[in-house]
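Below are the chains, spelled out letter by letter.
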Amino acid sequence: MLFEQLRLDVIRVGIEMLEKGLTIGTGGNISARCPDGEHFLITPSGMPYHTLKPEDIVMVNQATGEMEGPRKPSIEIHLHWKTYLARPDVGGIVHVHSPIASALAAARKPLPVILDVCAFNFRGQVEVAEYGMSGSVELAENVVKALGQRNAVLMANHGSLAVGKNVDVALDRCELLEKASHAYLLSQLVGGAVALSQETIDSLLSGVGKTYGQQPAPGGDKKA
Ligand SMILES: [Zn+2]
């Protein structure tokens, strides 16, 4: 089967999303861009994550929308499709209904950069996409617009979405968005959070953000 490992990654991330309490039941959806650069894989509509098999994951042609597989894709296929078209850097997308980020989305309040990890991961304030009905092209367009070049977005009266180079990074960002939203709400009890300035965010992104983690050894394989 084509892209079997990527299909297994999508299923695993679906189960982890549930276990982390970022959604319930069959809510949320996950997709991964295929290494051929022409297709993406997306979770099917309304199937419990722990029952999914690789063949249940739907493969979609990015140019034509043609689908392969026996299942109907997630109703949020436009959300994923339009995000891939707008963001060639994105390899994985996770959409969740986590409770605290959803509280901000319901109140239509953006999440400022209140923790430095937010600067590295989200690349700026997490904006609120205007409301659109679930599954609509309008919702997808609103989300793409509010996401811009950042890595997470709140969806008015609905939930949130995060992107990354793969599905694991996107899931981690959904979890971070939930924890940062929690910190933001708690900070209201002690006088309110102080958002980092744009100057500080830029310095973080050009400094620590570029050197954090394991870098290739000098003279090592530059392709790594
Ligand atoms: Zn949803």
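All values derive from a computational prediction rather than experimental measurement.

Caption draft 1: Seen up close, the nonpolar core. Residues Met-17, Ile-30, Val-94, Leu-111, Phe-122 and Leu-177 are the most contacted members of the largest nonpolar core, which totals 42 residues. Residue assignment for this core shows that the elements contributing at least two residues are α1 (4–19), β1 (29–33), β5 (92–96), α3 (99–107), α4 (116–122), β7 (152–155), α6 (167–187) and α7 (198–206). At 8 residues, the largest contribution of residues to this core is made by α6. Not counting residues within four places of it along the chain, the set of residues in contact with Val-94 comprises Val-13, Met-17, Asn-29, Ile-30, Ser-160, Leu-161, Ala-162, Val-167, Ala-170, Leu-171 and Cys-174. Grouped together as the second largest cluster of nonpolar side chains are 19 residues, Leu-79, Leu-139, Leu-147 and Met-155 included.

Caption draft 2: A look at the side chain of Ser-160. Relative to the assigned elements, Ser-160 resides in strand β8 (residues 159–164). Judged by its relative accessible area of 1%, Ser-160 is buried. When neighbours within four sequence positions are excluded, Ser-160 is seen to be in contact with Val-94, His-95, Val-96, Ser-98, Ala-101, Val-153, Leu-154, Met-155 and Leu-177.

Caption draft 3: Main features of the coordination of the zinc ion. Protein-derived coordination of the zinc ion comes from His-95 (NE2), His-97 (NE2) and His-158 (NE2), at a distance range of 2.1 Å. Taken in chain order, the donor set of the zinc ion reads H-x1-H-x60-H. Here His-158 lies in the loop between β7 and β8 and His-95 lies in strand β5, a separation of 63 residues in the sequence. No difference in accessibility class separates His-95 from His-158, as the two residues are buried.

Caption draft 4: Representation of α7 within the structure. Every buried residue of α7 is accounted for by Ile-201, Leu-204 and Leu-205. Projected down its long axis, α7 carries its buried residues within an arc of 95°, all on one side.

Caption draft 5: Local environment of the environment of Gly-46. Of note, Gly-46 is situated in the loop between β2 (39–42) and β3 (58–61). The exposure class assigned to Gly-46 is exposed, which follows from its relative accessible area of 55%. The sequence separation of Gly-46 and Ala-193 amounts to 147 residues, and the corresponding C-alpha distance is 38 Å.

Caption draft 6: Spotlight on the sheet that holds β2. In spatial order, the strands read β4-β3-β2-β1-β5-β8-β7-β6; together these 8 strands make up an open sheet with mixed pairing. Strand pairing shows two members of the sheet lacking a second neighbour, β4 (67–68) and β6 (128–129), which therefore form its edges. As judged from the 2 bridges shared by β3 and β4, these two strands associate in the antiparallel manner. Bridging from a neighbouring strand, Met-59 pairs with Glu-68 of β4. Running over the sheet, α1 touches β1, β2, β3 and β5 and is turned about 150° from β1.

Caption draft 7: Geometry of the packing of aromatic side chains. Counted by the stated rule, this structure contains 1 aromatic pair. Ring geometry for Phe-40 versus Tyr-84: centroids 5.1 Å apart, planes at 35°, classification tilted. One end of the pair, Phe-40, is in strand β2; the other, Tyr-84, is in helix α2 (residues 77–86), and 44 residues separate them in sequence. Grouping residues by exposure puts Phe-40 and Tyr-84 together as buried.

Caption draft 8: Quick peek at unusual backbone geometry. If you check the backbone angles, Phe-3 has positive phi at about 55° while not being a glycine. Assignment of secondary structure puts Phe-3 in the segment before α1. Its relative accessible area of 19% is what places Phe-3 among the buried residues. In this structure, Arg-108 takes a positive phi of about 55° despite not being glycine.

Caption draft 9: How the structure looks around the pairing of β7. Where burial is concerned, the two faces of β7 agree: the one with Ala-152 and Leu-154 and the one with Val-153 and Met-155 are both buried. When β6 meets β7, the two strands line up parallel, connected through 2 bridges. In the strand pairing of β7, Val-128 is matched with Leu-154. Since β6 and β7 lie parallel, the crossover through helix α5 (residues 137–147) that links them has a hand, and here it is right-handed. Examined bridge by bridge, β7 and β8 share 4 bridges and lie antiparallel to one another. Each bridged residue has a counterpart across the sheet, and for Val-153 the counterpart in β8 is Leu-161.

The rules behind the values
- Residues numbered from 1 in each chain as written.
- Predicted model: local features only at pLDDT ≥ 70, side-chain atom pairs only at ≥ 80, totals over all residues.
- Heavy atoms only, no water.
- Core = buried A, V, L, I, M, F, W, Y, C linked by side-chain atoms within 4.5 Å.
- Buried < 20%, exposed > 50% of the residue type's maximum accessible area, 1.4 Å probe, protein only.
- Helix = DSSP H or I, 4+ residues; strand = E, 2+ residues; numbered from the N terminus.
- Contact = heavy atoms within 4.5 Å.
- Donors = N, O, S within 2.8 Å, 3.2 Å for Na, K, Ca; no water.
- Arc of directions from axis to C-beta.
- Pairing = 2+ DSSP bridges.
- Axes fitted to C-alpha atoms, helices over the stretch in contact; angles between N-to-C directions.
- Phe/Tyr/Trp six-rings, centres within 6.5 Å; stacked < 30°, edge-to-face > 60°.
- Right-handed = clockwise from strand over helix to strand, strands pointing away.

Take it as geometry only, folks, not as evidence of what the structure does.
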